[in-house]
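Structural characterization, general
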Amino acid sequence: MSKLRLLSASVASVALLLASAGTAFSQAYPNKTVEVVVPYAPGGGTDNLMRMITGIIDENKWSPQPMNVNNRAGGSGAIGFNYLINKKGDSHVVAGATPMIVSGKIEGRLPGNHRDAMTILMIVAIDELMLSVRNESPYKTIDDFVKAARARPGQLTVGGTATNTEDHIFSYLFQQAAKIQFKYVPFNSGGEVTAALMGGHIDAAVENPNEIVAQIEAKKATNLAVAARKRLADAPEVPTFAEKGYEFYWEQMRGVVGPANMDPAAVKWWQDTLKKVVATEKWKIQYIKRNLLTPTDWTGAEANKYLDSLHGKYEQALIGLGAVKK
Amino acid sequence: MRNTDRITAALLLACAVAFSAAALKYYKWWGADGPGPAFMPFWLGLVMAALALMMLVRSLREKYTGDAWLPRGEGLRHMLVVLGASAAFVALLKVTGMIFGTALFLAGLLRYLGRHRWQVCAAVALGAAGFNWLVFARWLRVPLPEGMLWIF
Amino acid sequence: MDFLGNLALGFSVALTPFNILMAVCGVTVGILIGALPGIGPPSGVAMLLPLTFGMDPTSGIIMLAALYAGTMYGGTITAVLINTPGESASVVTCLDGYQMALKGEAGKALGIAAIGSFIAGTVGVVLLMLVSPALAKWSLSFGPPETFALMLLGLTTVTLLAGDDPLKGYISMMVGLMLAMVGYDIISGDARYGLGVPEMMDGIDFLPVAIGLFGLGEVLVGAEESSKAQMVKGKLGIREVLPRWADIIRTKWAIFRGTVMGFAVGVLPGAGPTVASFLAYTVEKKVSDHPEKFGKGAIEGVAAPESANNAAATAAMVPMLTLGIPGSATTAIMLGGLMMWGLRPGPMLFEKNPQFVWGLIASQYIANVLLLVMSTLAIPLFVRALRIPYSILMPLIIVFCVTGAYSLKNSLFDVGSMLVFGVVGYLMKKLGYSPAALVLALVLGPLAERALRQSLIISDSGLGILFLRPISAVLTVAALLAVAVPVVRALLASSRRRAPAGN
């Protein structure tokens, strides 16, 4: 009999526990530890971004609950984003977003995108892409480079990070726009690309501003052109490709994304908190300025519209590169 | 070693051929500016096949020396119990969770194989599970697998 | 440049009580993180990075650099004691370190590793201080062809890792190279041999493989010989467990060569401490006058790779500080940290922030001294762990391997992979294959393939590019000779043997 009583007591206590968990749910968000997923290895751009954001939130005590940054790297982001997508409806998981949330579905690496499987919380910055050479290079301007590429079609080498990536698409769009051909050399990381460029092993490199800025400051490398709509505020001397007559635009967005069916209150909390984050001095100076990014604070419909516009561009470029069959 | 060498050599040979064949079938031999993704695997498979063939020939020439590489009796049983318990531990991690699973695995293996007193088993199991929880879950904030039984 | 003045500045920064405390914390946490398999230097630095944001940048980097040095040593502890590499640069230490432990010389192995690390670390810092610009140039001169030639040379040393049967050694290497083909090919963008499993897209991570082959494989062998009640015999007082002067004298050249190798390889982009430790081990075996003792508990087999990985960890700072280019995952994270503190690493750093750079350099000396003192004090403690009866230690090692494989990437797939390779390791050991050759090939394989294909894209003359550039030409010829010489020698020997029979 006592066994039965013990059992019923434990059932009751479990029920109580569940009930209390239920009431906890109705409390203000976040009411338990938030898992912040970084779908890439430590040290990458997304890792830096999410550690910066959680650092600022921690510092200002904007979250009553701890934020736990977990690197779930693998499959160029597929592991981490799949993990997020599977957390449908869970408001306590967010991830650092890259254009993979759009291109992943096109390439068949993710089951869904920002519209049908994830909730975009905010696009916080745009990372521009530029073509750089070292100073020993015979090419002083973008026109020099294009001229040389026309004279020796398919001979010049341009390095970038991996294949079918933003860097690769950049080189594809540039070749299309300038009607030239060169050899794209994929490397494993931005650091390796820069090392190969500075060692003179490749003729030019596709670089994010923060990957090359140290060399620019030391006057050891030059940016030939940037694929933005207008010149960068921090590097006004670098022309855009479009103004030189090679019209194409390409960039990389950075943001924060949650799973589908997130609680509206949680979405609101993240949008408000991220708005506060991107307004801090620390963010503006130590993140945006240091990394030479273009700041944004797009949420909701605005962010979704931007991502929709990326969809068509990626689809076209990836088909052009032969990565996706249509 | 003779028989086991023959079997391994034959297995390796088959794998190597399949590896090369799969490379040619599924991946491109030559890319836009150089060797494609099939290039390296194909040659590796070929070299492996050659090495496996060499071993096969060598083992065919070798004299029979007795194939006593596999343990028998108590040794084999021990090894299989440890392996089986580890496999079960890993397979059930999603059910038991890391902390509870660790305690269960340790207590079970210590009691069954080591024949330690249950006090020893409990102390080691709880100690190690506690260490795992403290160091990995608390300090290093590793998201250890949470079990289904673990409602806390 | 006024080195002494700069160094004095550095020490005045590093020797404040708070910064010494940070260095002590860094080394302690580093040893712990290094010893836990799975959690390695990159994740350790990433996890502690947020803690440093509230601090002065100099204190922050002092802690992180001390932590990095600590992890290099921490990985050695588990490699020696339970044959389970704590982090990737300690894989090769298992070969002789664990054998020494079985002979009751665990303390000696750990001690010589600490001394080697100390010497290598200190020499590394001196080199970092004096010849950074020249080194930076050397590291940039390594393009894809040079990297490929170096990896090729590394692969030719594989027979030195293998046991008595070179054929089985080569087969083990080929298995490693074939496994290295699995995953996302960055040149074409194809996922090869992935079987549609997303976890396999990034390839087979070699650390779970190494933990399985060495750690779990050894446990399975041990389980079979279950009569093994206790691993270590003899006394375990502080006098008995520490290395003696004679040991240090005996290994001085091994430490020296390990340091030089480690530093030279460590500054190269993409190579890092793991490759350095493997190369140092094989070089040491090659030049040794008793190569047969390697793999059976040769003290030089611990001293050389342990010196090499510490020298390489210091060397990895060279491209980070002088060029602003990260040479490894760990330095990439530190670089991220530097930028968040508002510093811009690169050619201008030495001029703009001298107190930061020289503070870091000085703190490296301090970290090395701390590491030596702390490990010497802790060795008797670690060695006592081996007094635990094997029947208790064995399940604990399995738990250790499982948690370690998991925490590497928070992935259960890696745990499964560790388990599978545990069985493979057991079978390899029983059948006379070489797990070390497999792991070496798995480390070098992807680097070699990528560099070869990049070279061929860049090249206008096909494979000729390897011979047209001086550094790669020397390395390639050395690699070809390393393969050809033993074959020719074997052919000559067999023809000489056959000649009288023909008469």
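The shown structure was predicted, so the numbers you read here are calculated from the model rather than taken from an experiment. (Residues numbered from 1 in each chain as written. Chains lettered and ligands numbered in written order. Predicted model: local features only at pLDDT ≥ 70, side-chain atom pairs only at ≥ 80, totals over all residues.)

Moving on to the overall build of chain B. Assigned secondary structure in chain B consists of six helices and zero strands. Helices and strands in chain B line up, N terminus first, as α-α-α-α-α-α. Expressed as a percentage of the 152 residues in chain B, the buried residues total 37%. Counted over contacts in chain B with a minimum sequence separation of 6, partners at least 24 positions apart contribute 58%. (Helix = DSSP H or I, 4+ residues; strand = E, 2+ residues; numbered from the N terminus. Buried ≥ 20, exposed ≤ 12 C-beta atoms within 10 Å, placed from the backbone. Contact = placed C-beta atoms within 7 Å.)

Time to look at the overall build of chain C. Helix and strand counts for chain C stand at 24 helices and two strands. Radius of gyration (C-alpha) of chain C: 23 Å, near the 23 Å computed for a compact globule of 503 residues. Viewed in the frame of its principal axes, chain C has a C-alpha envelope of about 80 × 65 × 50 Å. Counting only residues that meet the buried cut, chain C has 67% of its 503 residues in that class. In chain C, of all internal contacts separated by at least 6 residues, the share reaching a separation of at least 24 is 79%. (Rg over C-alpha atoms; globule rule 2.2 N^0.38 Å.)

Turning our attention to the nonpolar core. Grouped together as the largest cluster of nonpolar side chains are 323 residues, with contacts concentrated most on V439 and A441 of chain C. Other than its neighbours up to four places away in sequence, V439 of chain C contacts V91, G176, F206, V209, A210 and L213 of chain C. (Core = buried A, V, L, I, M, F, W, Y, C linked by C-beta atoms within 7 Å.)

Another aspect to go through is the environment of W250 of chain A. All names here are of chain A. Counting through the fold element by element, W250 comes out in the loop between β9 (221-226) and β10 (251-259). Exposure remark for W250: the 22 C-beta atoms within 10 Å place this residue in the buried category. The spacing of W250 and V226 is 24 residues in sequence and 8.8 Å in space, taken between C-alpha atoms. Sequence-distant contacts of W250, that is, excluding residues within four places in its chain, are made with L129, I169, F170, L173 and A227.

It is the contact of helix α6 (residues 118-139) of chain B with helix α20 (residues 390-409) of chain C, at a shortest axis distance of 11 Å, that shows an interaxial angle of 20°. The angle between the axes of α6 of chain B and α20 of chain C places the two elements in the roughly parallel class. Along this stretch, α6 of chain B crosses α20 of chain C, giving a crossing that reads as right-handed. Packed against α6 of chain B, whose contacting residues are V124, A128, N132 and F136 of chain B, the element α20 of chain C presents I392, L396, V399, T403 and S407 of chain C at the interface. Its residues assigned to classes, the contact of α6 of chain B with α20 of chain C shows six nonpolar, three polar and no charged. (Axes fitted to C-alpha atoms, helices over the stretch in contact; angles between N-to-C directions. Parallel < 35°, antiparallel > 145°, perpendicular 65-115°, else oblique. Left-handed = near helix turned anticlockwise from the far one by under 90°. Nonpolar A, V, L, I, M, F, W, Y, C, P; charged D, E, K, R; others polar.)

Residue and element names in this part refer to chain A. Taken in spatial order, the five strands line up as β7-β6-β8-β5-β9 in an open sheet, and their pairing is mixed. The open sheet has two edge strands with one neighbour each: β7 (183-187) and β9. Strand-to-strand twist across the sheet, computed as the mean angle between neighbouring axes with direction ignored, equals 30°. Contacts from helix α7 (residues 190-198) reach β5 (130-134), β6 (157-161), β7, β8 (204-207) and β9 within the one sheet, and its direction differs from that of β6 by about 155°. Set on the sheet, helix α8 (residues 209-217) makes contact with β5, β8 and β9; between it and β9 the angle comes to about 140°. (Pairing = 2+ DSSP bridges.)

All names here are of chain A. Among the secondary structure elements, A235 is positioned in the loop between β9 and β10. Separated by 57 residues in sequence, A235 and L292 have C-alpha atoms that sit 8.7 Å apart. Excluding residues that lie within four positions of it along the chain, A235 makes contacts with P209, N223 and L292.

All names here are of chain A. One open sheet holds the six strands; their spatial order is β2-β1-β3-β10-β4-β11, and the pairing between them is mixed. The open sheet is flanked by β2 (67-71) and β11 (294-298), the only strands paired with a single partner. Adjacent strand axes in the sheet meet at a mean angle of 20°, parallel and antiparallel pairs treated alike. Here strand β4 (residues 118-128) pairs with β11 via three bridges, running antiparallel. If you follow I126 over to β11, its bridge partner there is T294.

Right, let's get into the pairing of β9 of chain A. Residue and element names in this part refer to chain A. Extensive coverage of β9 is indicated by the burial of five of its six residues. Examined bridge by bridge, β5 and β9 share five bridges and lie antiparallel to one another. In the strand pairing of β9, L131 is matched with A225.

This next bit is on the packing of helix α6 (residues 106-140) of chain C against helix α15 (residues 300-315) of chain C. Two quantities define a packed helix pair, namely the angle between the helix axes and the distance between the axes. Residues and elements named next belong to chain C. For the pair α6 and α15, the least separation of the axes is 7 Å and the interaxial angle reads 35°. Considering how the two elements wind past one another, α6 and α15 form a crossing that is right-handed. Contacts between α6 and α15 involve A109, I112, A113, G116, S117, I119, A120, G121, V123, G124, V125 and L128 from the former and V302, A303, E306, S307, N310, A311, T314 and A315 from the latter. Residues belonging to the contact of α6 with α15 are distributed by class as follows: twelve nonpolar, seven polar and one charged.

For chain B, the assigned domains read domain 1 (2-61) and domain 2 (73-139). Distance between the C-alpha centres of domain 1 of chain B and domain 2 of chain B: 40 Å. (Domains from an automatic or database assignment.)

Moving on, we get to the interface of chain A and chain C. Taken together, the 42 residues of chain A in the interface contact 43 residues of chain C. Where the side of chain A that touches chain C is concerned, the elements lending two or more residues are α2 (45-59), α3 (78-86), β7, α7 and α8 of chain A. Of the residues forming the side of chain A that touches chain C, the biggest block, six residues, is contributed by α7 of chain A. Here the residues of the side of chain A that touches chain C sort into 16 nonpolar, 18 polar and eight charged.

Residue and element names in this part refer to chain C. Within the secondary structure, T76 is located in helix α4 (residues 57-82). Take T76: there are 32 C-beta atoms within 10 Å of it, and that puts it in the buried class. Contact partners of T76, with chain neighbours within four places excluded, come to S90, T93, G97, L110, A113 and E306.

Residues and elements named next belong to chain A. Going from Y29 to P30, the amide bond is cis rather than trans, its omega being -10°. Along the chain, the position of P30 falls in the loop between α1 (2-26) and β1 (34-38). The residue K61 is not glycine, and still its phi comes out positive at about 55°. Along the chain, K61 turns up in the loop between α2 and β2. Its identity as a non-glycine residue notwithstanding, K219 has a phi of 60°, on the positive side. With respect to the helices, strands and loops of the structure, K219 is situated in the loop between α8 and β9. Taking the C-beta count within 10 Å as the criterion, K219 has 10 such neighbours and is therefore assigned exposed.

Turning our attention to the confidence of the model for chain C. Residues and elements named next belong to chain C. Of all residues in chain C, 93% have pLDDT values of 70 or greater, and the mean over the chain is 83. Across chain C, the secondary-structure element scoring lowest on mean pLDDT is helix α11 (residues 238-241), at 62, and the one scoring highest is helix α21 (residues 412-431), at 92. Both confidence scores are given for the complex: pTM 0.84, ipTM 0.91. (pLDDT = per-residue confidence, 0-100.)

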